[in-house]
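What follows is the residue order along each chain.
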Amino acid sequence: MSTSPARSDDRPRENPREGDASASDQARTERLRRLAEEGAAELAAIEASGTPQEIAAAASAWAARTFGDSLAVACSMADSVLPEVVARQAPGVDVLFLDTGYHFAETLETRDRVERELDVHIVDVRAKASVPEQDAEHGPRLHDRDPGLCCAMRKVTPLRETLAGYDAWITGVRRDEGPTRADSPLVTFDDAFGLVKINPLVTWTLEEVNGYGYEHHLPMNPLLEQGFPSIGCAPCTRRVAPGEDPRAGRWAGFEKTECGLHAGDDAEDDLADEGSRDEPISVRNRITLTPVDHHRSGERR
Ligand code: SF4
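Residues numbered from 1 in each chain as written. Predicted model: local features only at pLDDT ≥ 70, side-chain atom pairs only at ≥ 80, totals over all residues.

For the protein, the name recorded in an unreviewed UniProt entry is Adenosine 5'-phosphosulfate reductase, with Brachybacterium endophyticum as its organism. UniProt lists a comment for the protein under the heading Catalytic activity (unreviewed entry), and it reads "[thioredoxin]-disulfide + sulfite + AMP + 2 H(+) = adenosine 5'-phosphosulfate + [thioredoxin]-dithiol". Check the Sequence similarities (unreviewed entry) section of the UniProt entry for the protein; it says "Belongs to the PAPS reductase family. CysH subfamily." (UniProt positions renumbered as here; feature names shortened; annotations may be inferred.)

Okay, here's the thing in structure tokens:
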């Protein structure tokens, strides 16, 4: 049996439209990388010598000027300092709220206050599956057994899909939050999500954030004054003792310390973050607050 050399016609052909899409994605990535580098260079002087408030204002103004409507602010509704600081430079800016279905009632009340009182546009970002649908597929209380998977489904994937519609996002990451965030840049290209990431509060301390919020009478999550310096989903957040690391109350009992949105600017690595525990989180979290478990109607882009 003889074989003949493969003709060029036998080789799989690349779909020309796929090729176009890939080239356009690459061009977009290169453009955004260049903008991130330019922004970091432009803001270097103010970052080196400005006050935390001056740095935040300058970074927000650069972001508003550079990205216009293609800019979004992420907000966990622990406080509203970041949306307020950004909205001063970008009135009506989109504020993304990860509505996981597991938030404290106090967090949802804070979200509603932010929508009423600040010049921002809230975008509720939700998983495709409701909590009951997730329970039906994976069993109840997935957060107790596999918080990495739960965060991936309820936070990271919906956020990734939403961020695909923007060129830049602004987050409240601060260097004082712990070792994983100690080197966070003011402006960078976010490889994990494929867009520019700006951290205007990166040089602020927790005390400065809270001080600014209360001084300016901004919507602040009431849980801050009840022993919760870092507030996430109710099943995965506990009170911390005075002097304890503020993030010690997140996923207590697991090695997990991040939700996969920021760690080392590499969300993919963090998605693999799994831990073990010797005590159910639900027991440690049997506190006076009531976790809510509802799926609210709202807008999503
Ligand atoms: S923080 Fe907890 S409940 Fe919220 S998405 Fe992650 S694992 Fe699930």
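A. Representation of helix α7 (residues 147-163) in the model. Given a rise of 1.5 Å per residue, 17 residues ought to cover 24 Å, and the 22 Å separating the end C-alpha atoms of α7 matches this to within 8%. The largest bend along α7 reaches roughly 40° and is located at Met153. With 12 of 17 residues buried, α7 lies mostly within the body of the structure. The set of residues buried in α7 consists of Pro147, Gly148, Cys150, Cys151, Ala152, Arg154, Lys155, Val156, Pro158, Leu159, Thr162 and Leu163. (Helix = DSSP H or I, 4+ residues; strand = E, 2+ residues; numbered from the N terminus. Expected span 1.5 Å × (residues − 1). Bend = angle between axes of the 7 residues up to and from the residue. Buried ≥ 20, exposed ≤ 12 C-beta atoms within 10 Å, placed from the backbone.)

B. Representation of the nonpolar core within the structure. Core analysis: the biggest nonpolar cluster contains 64 residues, and Ala59, Ala63, Leu71, Val73, Val95 and Ile170 have the highest contact counts within it. Sorting elements by how many residues they give to this core places helix α2 (residues 52-67) first, with seven residues. Ignoring anything within four residues of it in the chain, the contact list for Val95 reads Val73, Cys75, Pro83, Val114, Val120, His121, Ile122 and Val123. (Core = buried A, V, L, I, M, F, W, Y, C linked by C-beta atoms within 7 Å. Contact = placed C-beta atoms within 7 Å.)

C. Looking closely at the site of the ligand. Around the ligand, the surrounding shell holds 13 residues, and the nearest of these are Pro147, Cys150, Cys151, Cys233 and Cys236. No other element matches α7, which puts five residues into the shell around the ligand. Each residue belonging to the shell around the ligand can be placed in one class, and the counts come to eight nonpolar, three polar and two charged. (Near = placed C-beta within 6 Å. Nonpolar A, V, L, I, M, F, W, Y, C, P; charged D, E, K, R; others polar.)

D. Region of the structure containing the environment of Arg28. Here Arg28 shows up in helix α1 (residues 16-49). Residues Arg28 and Asp167 lie 139 residues apart in sequence; the distance between their C-alpha atoms is 8.9 Å.

E. Main features of the UniProt feature "binding site: [4Fe-4S] cluster" (unreviewed entry) in the protein. Look at the UniProt record and you will see "binding site: [4Fe-4S] cluster" (unreviewed entry) annotated at Cys150, Cys151, Cys233 and Cys236. Over a stretch of 87 residues, the named residues converge on one spot in the fold, their C-alpha atoms separated by at most 11.0 Å. For Cys150, the location among the structural elements is in helix α7. Accessibility expressed as a C-beta count within 10 Å gives 23 for Cys150, which makes it buried. Excluding residues that lie within four positions of it along the chain, Cys150 makes contacts with Leu142 and His143. Inspection of the secondary structure puts Cys233 in the loop between α8 (206-215) and α9 (267-271).

F. Local environment of the sheet that holds strand β4 (residues 168-170). If you walk across this open sheet you meet the six strands as β3-β2-β1-β4-β6-β5, and the pairing is mixed. In the strand order of this sheet, the two ends are held by β3 (120-125) and β5 (187-190), each with one partner. Strand-to-strand twist of the sheet, defined as the mean angle between neighbouring strand axes without regard to direction, takes the value 30°. Pairing of strand β1 (residues 71-74) with strand β2 (residues 93-98), which is carried by three bridges, proceeds in the parallel orientation. Following the sheet pairing, Ala72 is matched in β2 by Asp94. (Pairing = 2+ DSSP bridges. Axes fitted to C-alpha atoms, helices over the stretch in contact; angles between N-to-C directions.)

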